[in-house]
Amino acid sequence: QGQDCKKVTVLKWTAHPHFGQARDVTFLSPIRGPKFGPKTTTCHQTQSYRFRNHGTTLIIETSQVMTDIPYSDYFRVEMRWEIKPFSSGPKPGCQVS
C-alpha cells in the first residue's frame, strides 16, 4: 500500500459473476489527523477488474471500508478507473477517466 501499512493480506484473483475478476485486500493503516480516537484502522478493500467493449476498455474498481474509526459504518471509499485506447497522431495511447 505504500503508506506505512502493516498486516497486509492479499487474496488471489477469482472469477466473479458481476465484476469479472475480484480479490480482497486487508491491511492495518495509520490514521493521520486529529489526535483523538484510534491510531490505526483495519481497512478492507474489494478490488475488481473486467473488460468491456469487446476487450478494448478496462474497468478497475475498488471499494474500501475502515472498520475501527468513528462512524465508519456510514461511509465507504469507492474508486473507479476506465481505461480506453485512443490514437492521437502517430503515437497510440490510452485515456484514463
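Relevant structure appears above.
Fair warning: this is a prediction, and the values are worked out from it, not measured in the lab.

Draft legend 1. A look at the overall build of the protein. A count of helical and extended segments in the protein gives 0 helices and 7 strands. Taken from N to C terminus, the helices and strands of the protein fall in the order β-β-β-β-β-β-β. Scaling as 2.2 N^0.38, a compact globule of 97 residues should have a C-alpha radius of gyration of about 13 Å, whereas the protein reaches 17 Å, well beyond that. Projecting the C-alpha coordinates of the protein onto the three principal axes gives extents of approximately 55 × 30 × 25 Å. Looking at the 97 residues of the protein, the share that counts as buried comes to 21%. A fraction of 28% describes how many contacts in the protein between residues 6 or more apart in sequence connect residues 24 or more apart. Counting only carbon and sulfur atoms, one obtains 57% of the accessible surface of the protein, whose full area is about 7,200 Å². Once the 13 positive and 7 negative side-chain charges of the protein are each reduced to a mean point, those two points are 7 Å apart.

Draft legend 2. A look at a nonpolar patch on the surface. On the surface, Y71, Y74 and F75 cluster together into a nonpolar patch covering about 430 Å² of accessible area. Topologically, Y74 is positioned in the loop between β5 (57–66) and β6 (77–88). What makes Y74 exposed here is its relative accessible area of 66%.

Draft legend 3. Inspection of the packing of aromatic side chains at higher detail. Tallied over the entire structure, the rule returns 3 aromatic pairs. With 6.0 Å between their ring centres and 55° between their planes, Y71 and Y74 make a pair best called tilted. An aromatic cluster of at least three residues, connected via ring pairs, comprises W13, Y49 and F51.

Draft legend 4. Structural context of the pattern of salt bridges. This model, assessed by the stated rule, comprises 5 salt bridges. A salt bridge links R76 to E78, with the nearest nitrogen and oxygen atoms 3.9 Å apart. What makes R76 partly exposed here is its relative accessible area of 49%. In this structure E78 comes out as exposed when scored by relative accessible area, which is 52%. In this structure, E82 engages K84 in a salt bridge whose closest nitrogen and oxygen atoms are separated by 3.4 Å.

Criteria and cut-off values
Residues numbered from 1 in each chain as written. Predicted model: local features only at pLDDT ≥ 70, side-chain atom pairs only at ≥ 80, totals over all residues. Heavy atoms only, no water. Helix = DSSP H or I, 4+ residues; strand = E, 2+ residues; numbered from the N terminus. Rg over C-alpha atoms; globule rule 2.2 N^0.38 Å. Buried < 20%, exposed > 50% of the residue type's maximum accessible area, 1.4 Å probe, protein only. Contact = heavy atoms within 4.5 Å. Areas by Shrake-Rupley, 256 points an atom, 1.4 Å probe, with all protein chains shown as cover. Lys, Arg positive; Asp, Glu negative; His and termini not counted. Charge placed at Lys NZ, Arg CZ, Asp CG, Glu CD. Patch = residues over 30% accessible without salt bridge, like charges linked within 9 Å, V, L, I, M, F, W, Y side chains within 5 Å. Salt bridge = Lys/Arg side-chain N within 4 Å of Asp/Glu carboxyl O. Phe/Tyr/Trp six-rings, centres within 6.5 Å; stacked < 30°, edge-to-face > 60°.

Worth remembering: the numbers are spatial, not functional.
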